[in-house]
Amino acid sequence: MKNVSEIICIICPLACRVSVAVDDEGRIVEIANFQCKKGKEYAVAEYRTPLRVLTTTVIVEKSRHALLPVRTNRAIPRKELFDCMDHLATIRVKPPLKVGEVIVKNILNTGSDIITTHELFD
Amino acid sequence: MNSNPIDVLVIGSGPAGMAAAIQAKESGSKRVLLVERAEELGGLLSQCIHNGFGLIYFNEDMTGPEYGQRFVEKVMDSKIEVLLETMVLRLAADRKVTLCNKYGIKTLAPESIVLAMGCRERTRESIVIPGYRPAGIFTAGTAQRWVNIEGYLPGREIVILGSGDVGMIMARRLTLEGAEVKAVVEILPYIGGLIRNEVQCLYDFNIPVLVEHTVVNIHGIQRVNGVTVARVDQNRNPVPETEKFIECDTLLLSVGLIPENELSYMAGVILNPVTGGPMVNERMETNVPGIFAAGNCVHVNDLVDYVSVEGEKAGQNAAEHASGKASPKMGIKLEAGENVRYVIPQTITGQREVAIRLRVKEPEKDVILKVGEFMTKRLKVVKPSEMLHLVLSERHLKGIKKGTAQLVVSCRKED
């Protein structure tokens, strides 16, 4: 029994629809419809664990600014995005902050920190 | 204030303007003045909190604010004069610039000017959607400002018309913030923005996409309570039998961007009706001597990285003009041919290496991109949403026959 998933490659404008076939144990048995090595590697990684950089904002206190933009400092599993959003909804920050400062260390044990992407003064 | 004349005045401090100002300074201009109407430098970058910036320019995956910060720091370090909260009211063909801010009105006469005003969004009025005029209709960029800077959610149940990059980015952003995006509606048979946004903003969150559809009616008296969508035929006319109602409280529009060129027009700069921006030569100079232009006010780019590069080019040449160096003759016109919507620059010298950018009209597979008769390039795929880049090297240019006044750039399907 084979299960086939289609992964759209985002590496170049060709946007290959790579098909990844797996057997009952979840082992990849066949990869087709890619045009380069990068695309093949992307499809495998994307099939196993899609990783995304989360970019969002946190609430600012004691400032004329309402929000401060932040991101994960490395990509996290896609399925963690909403849990991270929920956690970040509880976070409050205050000035002064520079770009790249850590707001949350190792968020939800993803191995990624939440860092500021804009400075925050006054 | 310094009484020496200004060498280069840059209008707009977004990515194009900052790069132009920095490069003008580095190219030897003594006085460079950067004029910005907002409270801070950076233009729209500060509200573009998503990543995907800088992959080409810095070889790093950055967010908009981080990308902007690199340039802001350079502006601060390089003795560029900055005027914030300052509006340019008038621009004349003799390069007289009238500025207005809280200190009053002032007219300056810089040696060179770089136009870097960027672009603005098309609105409901520009695409004429019938229906009521309730609250709850926003451009995607306005919603982006609300969500990312002001801290307001524009609505709970959202329909997005148009699948440009800003629209798709907002579909993801609003979903993450707890709103429900009920549909992204696109009149064309394909998504309008970059493939990575299609995958990571729409498919990642199972957002319904309706291609070859449009919004034909907006409902609600005080507040939007729904929209009617319909399939369109081959001529993009809605088919009445296919109409259906989608309940929502918000309609976002991501239906294209218009280069902002009121000032250019005032100064007698000739605009290209296709791009909506100034006609420029390979030095990014307009038809008005000493007035240069760069970035999204020339043509809407898909990546900020290209905007910065264009800004640098304009800044460098603006500095050269200010120092009295004569502009070489731009003897050859680049014409948009088969399946090419536009080419930038529109004129070149034909004497030295030049980078050209172009956009196709329709998506196509296995094409031959041709410049005149001397350069051909095979491409597996072309799309209107992905700008194409070509470098005409000196070796290529040697192939131009003497007396050639125009070269046609075409993108033909391989036989």
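Residues numbered from 1 in each chain as written. Chains lettered and ligands numbered in written order. Predicted model: local features only at pLDDT ≥ 70, side-chain atom pairs only at ≥ 80, totals over all residues.

**Let's talk about the nonpolar core**
All names here are of chain B. In this structure, Ala20, Val114 and Leu115 are the most contacted members of the largest nonpolar core, which totals 81 residues. Of the residues forming this core, the biggest block, eight residues, is contributed by helix H8 (residues 304–322). Split by domain, the residues of this core number at least three in each of domain 1 (8–120 + 258–322) and domain 3 (332–413). Leaving out residues up to four positions away in the same chain, alanine 20 has contacts with Val10, Val114, Ala116, Ala294, Gly311, Glu312, Ala314, Gly315 and Ala318. Residues Leu161, Ile169, Met170 and Val185 belong to the second largest nonpolar core, which totals 37 residues. (Core = buried A, V, L, I, M, F, W, Y, C linked by C-beta atoms within 7 Å. Buried ≥ 20, exposed ≤ 12 C-beta atoms within 10 Å, placed from the backbone. Helix = DSSP H or I, 4+ residues; strand = E, 2+ residues; numbered from the N terminus. Domains from an automatic or database assignment. Contact = placed C-beta atoms within 7 Å.)

**As for the domain arrangement of chain A**
The assigned domain composition of chain A is domain 1 (3–48) and domain 2 (55–116). The straight-line distance from the C-alpha centre of domain 1 of chain A to that of domain 2 of chain A is 32 Å.

**With respect to the interface of chain A and chain B**
Tallying the contact residues gives 20 residues for chain A and 23 residues for chain B. Elements that contribute at least two residues to the side of chain A that touches chain B include exactly strand S5 (55–60), strand S6 (67–72) and helix H2 (81–88) of chain A. Of the residues that constitute the side of chain A that touches chain B, the class distribution is 12 nonpolar, five polar and three charged. (Nonpolar A, V, L, I, M, F, W, Y, C, P; charged D, E, K, R; others polar.)

**Observations concerning helix H2 (residues 64–77) of chain B**
Residues and elements named next belong to chain B. Compared with the 20 Å implied by 1.5 Å per residue over 14 residues, the 20 Å span of H2 between its first and last C-alpha is a close match. All of the buried residues in H2 are Gly64, Pro65, Glu66, Tyr67, Gly68, Gln69, Phe71, Val72 and Val75. In the stretch just after H2, lysine 79 is the one whose phi turns positive, near 55 degrees. (Expected span 1.5 Å × (residues − 1).)

**Here we look at the pairing of S5(A)**
Residues and elements named next belong to chain A. Where S5 meets S6, five bridges bridge the pair, whose relative direction is antiparallel. When the bridges of S6 are listed, threonine 55 appears paired with arginine 71. Counting the residues in the hairpin turn of S5 and S6 gives six residues, including lysine 62, whose phi is positive at 55 degrees. Direction of pairing for S5 relative to strand S8 (residues 92–93): parallel, over a ladder of two bridges. When the sheet's bridge partners are listed, valine 60 is paired in S8 with valine 93. (Pairing = 2+ DSSP bridges.)

**Quick notes on the pairing of strand S9 (residues 112–115) of chain B**
All names here are of chain B. Burial along S9 is two-sided: Ser112 and Val114 facing one way and Ile113 and Leu115 facing the other are all buried. When strand S1 (residues 8–11) meets S9, the two strands line up parallel, connected through four bridges. Within the sheet, the bridge partner assigned to valine 8 lies in S9 and is serine 112. Where S9 and strand S20 (residues 291–293) come together, three bridges link them in parallel fashion.

**A word on the environment of B:Asn4**
Residues and elements named next belong to chain B. Its place among the elements puts asparagine 4 in the segment before S1. C-alpha of asparagine 4 to C-alpha of lysine 30: the two residues are 26 residues apart in sequence and 9.2 Å apart in space. When neighbours within four sequence positions are excluded, asparagine 4 is seen to be in contact with Lys30 and Arg31.

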